[in-house]
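Analysis of the macromolecular model
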Amino acid sequence: MEIYVAKSAGFCFGVKRALNMAEKCAGESSADIYTLGPIIHNPQAVQKLEESRVYAKKGLSEIEKGTVIIRSHGAKLEEVTEAGEKGLKIVDATCPFVKKAQDLVSMLTDEGYSVIVVGEKDHPEVKGLISYGSSDIRVAESVAELEDMPRKKKIGVVAQTTVPMEKLEDIVAFCIHKAAEVKVFNTICNATSIRQEEARDLAGKVDLMIVVGGRNSANTRRLADICRSIQARTHHIEVASEIDPLWLSGAAKVGITGGASTPDWIIREVIDRISGLIPK
Ligand code: F3S
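Just so you know, these numbers come straight off a predicted model, no measurement behind them.

1. Let's talk about the environment of Ala-180
- Residue placement: Ala-180 occurs in strand 9 (residues 179-184).
- When the C-alpha atoms of Ala-180 and Lys-152 are compared, they prove to be 7.9 Å apart, with 28 residues separating the residues in sequence.
- Sequence-distant contacts of Ala-180, defined by excluding residues within four places in its chain, comprise Arg-151, Lys-152 and Lys-153.

2. Details of the sheet that holds strand 8 (residues 152-159)
- Spatially, the four strands line up as an open sheet ordered 7-6-8-9, and their pairing is parallel. Only two strands of the sheet have a single neighbouring strand rather than two, namely strand 7 (137-140) and strand 9. Each strand of the sheet is rotated relative to its neighbour by a mean of 25°, with strand direction disregarded.
- Alignment of strand 8 against strand 9, held across five bridges, turns out to be parallel. Residue pairing in the sheet places Ile-155 in a bridge with Val-182 of strand 9.
- Along the sheet, helix 4 (residues 96-110) makes contact with strand 6 (114-118), strand 7, strand 8 and strand 9, crossing strand 8 at roughly 175°.

3. Let's talk about the domain arrangement of the chain
- Here the domain parsing of the chain yields domain 1 (2-10 + 191-277), domain 2 (13-93) and domain 3 (97-188).
- Across the boundary between the two partners, domain 1 contributes 12 residues, which contact eight residues of domain 2.
- Taking both sides of the interface into account, the surface hidden between domain 1 and domain 2 amounts to around 790 Å²; carbon and sulfur atoms contribute 56%.
- Three residues stand out in domain 1 for area buried against domain 2, namely Asn-216, Ser-261 and Trp-265, and they jointly supply 50% of the buried area on that side.
- Between domain 1 and domain 2 we count zero salt bridges in total.

4. A few points about the sheet that holds strand 5 (residues 89-92)
- Taken in spatial order, the four strands line up as 3-2-4-5 in an open sheet, and their pairing is parallel. The sheet is open, and its two borders are formed by strand 3 (54-57) and strand 5, each paired with just one other strand. Taking the axes of each pair of neighbouring strands and ignoring which way they run, one obtains an average angle of 30° across the sheet.
- Pairing geometry for strand 2 (residues 33-36) and strand 4 (residues 67-70), over three bridges, is parallel.

Cut-offs and rules
Residues numbered from 1 in each chain as written. Predicted model: local features only at pLDDT ≥ 70, side-chain atom pairs only at ≥ 80, totals over all residues. Heavy atoms only, no water. Helix = DSSP H or I, 4+ residues; strand = E, 2+ residues; numbered from the N terminus. Contact = heavy atoms within 4.5 Å. Pairing = 2+ DSSP bridges. Axes fitted to C-alpha atoms, helices over the stretch in contact; angles between N-to-C directions. Domains from an automatic or database assignment. Buried area = accessible area lost by both parts, 1.4 Å probe. Salt bridge = Lys/Arg side-chain N within 4 Å of Asp/Glu carboxyl O.

Below is the structure:
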């Protein structure tokens, strides 16, 4: 049996950077360190961080002192201000691509644009992005959500970094009819699309696909959906022990991929487990 692993499977640049910052913090301080929300959508990695005294908290009301790490998704501007007022040491691990989108929302707002953020309104990154705007800001994933929008003088558009390009294109096409001036910033990060293209490609070449990553990770679930649409024998797992040896039956080629929040060590364990199950 041959095992193929997608080239970019696992951590993206922003997640890797945030985890390195958290680990560095833990190494330099003997006090407890907190993250504003789980630093990564992967339960095993969050548990590993807890062993290094880095604890995920839901909000600032649960953190009284010490260090708070802002995860790669970023945080709301008011949370950053509140953390400062509380006297917490802030380690900002916001992904530079997300930071750039926050700065653009701020700039467009200052320049008098009505801002549209293309993305999911409940996603923490988007909640952070809109906090950099004024009351003249809207979030939409589809044109249907903007049907009631009155005509504007000028519209500025930015995107959640993980939104599919088609959604940005659709909304930009709609906005052109809603204002004389439309300024668009393509803030989509290609880490997601690269992983999706590789998964699509690999799923078409193998007899069995294993997608590794947190069930709470939207980007991993999306990878599993993509693979399943091409290869019915696709399984989404969080850890290697979930692999049922029967899955391998009759498979000559197995493909493995993982979301942007899947640690390398878990992918390695999956490779080892599959290798160990191959009949000698
Ligand atoms: Fe940053 Fe892109 Fe990852 S925005 S957190 S590198 S998916």
